[in-house]
Amino acid sequence: MSKLRSMNLELTTACPFRCPQCYCNMENAKHLDINIARKMIREASWLGLRNLSISGGETLCYPHLIEVISFAKKCGIPGIHAAFSGWNLKKEIVDKMLEAGLNSISISLNGSNEAVNSITRQGFDFAIQALSLLRDMNYEHTCVNWVMHSNNVDDFDALVAVCEEYNVEVIDIISFKPDVKSQLNSVPSQHQLQTIADKVKNQKGKVKLGVESCYSQLLALISDTKLFGNLNRGKYRGCIAGYECLSVNVDGSFSPCRHIHYRENFESIETYLKKSEIIKKLSECDETKAEDPCAHCKYLLNCRPCIAVNTEIDDRIVFKNAYCRING
């Protein structure tokens, strides 16, 4: 890894909810030591970090949240982002976070109503209250994190309507990862993937539709046109674990991505980037080593599947996603 583009800081594993889709172990909740948090932010800034994502658990459970945001700002990190369930989000807290230097606020919401949302996520009322608060504060950069499942695709248009009502700037479409039990139970079908891809390609409303970089199958469908061919190419065409990103876990250990739980301990970020055996294996994991169904997929050169699917379910680093439905 030559440089550091993005870093996730896992501040806490504490959370008032137990969402069905959650990939975090909430037992014996812990907080990241504030001195470790400062050290990691400082070192990352020296390496030219562009985007810092701070997360949980429930991010607002962390007692030093404002201090972390303020310190990242002082270190000159240009993009500071945080995701919340909406729990305990109040005006005075939002004011403090924005004053400290937070650039964007994401609220997690998987459905336009309680019935759809509750299939995979708890806290619907908190999320709606948070969106209402941000709208009333005239906050202009609200993002909704929508994790795509087979059970909420039909609700997407209704979700967009809710986001328009609350002046949401963007809906970030996220692929769901293996849960805490290492399971994937609601994989979208080929038809559902194509449906959402078409909505992204043809979007016309005031709410922007974005796709997270590691949702490679969806990005491949979005960029697949008869006129120009598939533009989702190169080593950044999907999962970027091992390429210019890392996660600092709540215990101070490192992993290439918050969803890949192969943890390593080094004295510094720079040493980790240079000596990590896991990063080395990930950087060598490309289409030349692909296994089926990816090996014979027509999108092989236009997709790099989420590596966490294999590391968390099969305990292997391999270019493969046996759960992908992009080809039916």
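Quick note: structure is the one above.
Let me sum up the structure you'll find in this document. (Residues numbered from 1 in each chain as written. Predicted model: local features only at pLDDT ≥ 70, side-chain atom pairs only at ≥ 80, totals over all residues. Heavy atoms only, no water.)

Let's shift gears to the overall build of the chain. Of the regular secondary structure elements, the chain holds 11 helices and 11 strands. For 328 residues, the compact-globule formula gives about 20 Å, and the C-alpha radius of gyration of the chain, at 19 Å, lands near that figure. Oriented by its inertia axes, the alpha-carbon framework of the chain measures out at about 50 × 50 × 40 Å. Counting only residues that meet the buried cut, the chain has 55% of its 328 residues in that class. Intrachain contacts of the chain at a sequence separation of at least 6 include 71% that bridge at least 24 residues. About 14700 Å² of surface is accessible on the chain, with carbon and sulfur atoms providing 49% of the total. Of the side-chain charges in the chain, 38 are positive and 38 negative, and the distance between the mean point of each set is 4 Å. (Helix = DSSP H or I, 4+ residues; strand = E, 2+ residues; numbered from the N terminus. Rg over C-alpha atoms; globule rule 2.2 N^0.38 Å. Buried < 20%, exposed > 50% of the residue type's maximum accessible area, 1.4 Å probe, protein only. Contact = heavy atoms within 4.5 Å. Areas by Shrake-Rupley, 256 points an atom, 1.4 Å probe, with all protein chains shown as cover. Lys, Arg positive; Asp, Glu negative; His and termini not counted. Charge placed at Lys NZ, Arg CZ, Asp CG, Glu CD.)

With respect to topology, nine strands assemble into an open sheet ordered β7-β6-β5-β4-β3-β2-β1-β10-β11, the strand pairing being mixed. Unpaired on one side and paired on the other, β7 (208–211) and β11 (254–255) mark the two borders of the sheet. Two elements, strand β2 (residues 51–55) and strand β3 (residues 79–84), share four bridges in a ladder whose sense is parallel. Looking at the pairing, L52 lines up with I80 of β3. (Pairing = 2+ DSSP bridges.)

Here strand β5 (residues 142–148) pairs with strand β6 (residues 170–175) via six bridges, running parallel. Directly across from V144, in β6, lies its bridge partner I171. What joins β5 to β6 is helix α6 (residues 156–165), and the crossover it makes is right-handed. Note: β6 against β7, four bridges, orientation parallel. (Right-handed = clockwise from strand over helix to strand, strands pointing away.)

If you check which residues of helix α3 (residues 91–100) are buried, you get V94, M97 and A100. Seen along its axis, α3 keeps its buried residues to an arc of 130°; they face one direction. Relative to its buried face, α3 has exposed residues pointing more than 90 degrees away, namely K96 and E99. Along its buried surface, α3 packs onto α2 (65–74), β3, β4 (104–108) and α5 (124–136). Immediately beyond the C-terminal end of α3, within one or two residues, lies G101, with a positive phi of roughly 125°. (Arc of directions from axis to C-beta.)

Tallied over the full model, the rule gives four aromatic pairs. An aromatic cluster is defined as three or more aromatic residues linked by ring pairs; in this entry it consists of F254, F266 and Y272. (Phe/Tyr/Trp six-rings, centres within 6.5 Å; stacked < 30°, edge-to-face > 60°.)

Right, let's talk about the environment of S283 for a bit. Take S283: it is sitting in helix α10 (residues 277–283). As for S283 and K235, which are separated by 48 residues in sequence, their C-alpha atoms are 9.3 Å apart.

Let us now look at the environment of L47. Along the polypeptide, L47 turns up in the loop between α1 (34–46) and β2. Overall, the relative accessible area of 28% leaves L47 in the partly exposed class. Taking the C-alpha atoms as reference points, L47 and E270, 223 residues apart in sequence, are found 7.8 Å from one another. Sequence-distant contacts of L47, defined by excluding residues within four places in its chain, comprise L4, I269, E270 and L273.

At a minimum axis separation of 10 Å, α1 and α2 run at an interaxial angle of 20°. In terms of orientation, α1 lies roughly parallel with respect to α2. Between α1 and α2 the crossing geometry is right-handed. Across from I34, A37, R38, I41 and R42 in α1, the residues of α2 making contact are E67, V68, F71 and A72. Here the contact of α1 with α2 is composed, by residue class, of six nonpolar, no polar and three charged. (Axes fitted to C-alpha atoms, helices over the stretch in contact; angles between N-to-C directions. Parallel < 35°, antiparallel > 145°, perpendicular 65-115°, else oblique. Left-handed = near helix turned anticlockwise from the far one by under 90°. Nonpolar A, V, L, I, M, F, W, Y, C, P; charged D, E, K, R; others polar.)

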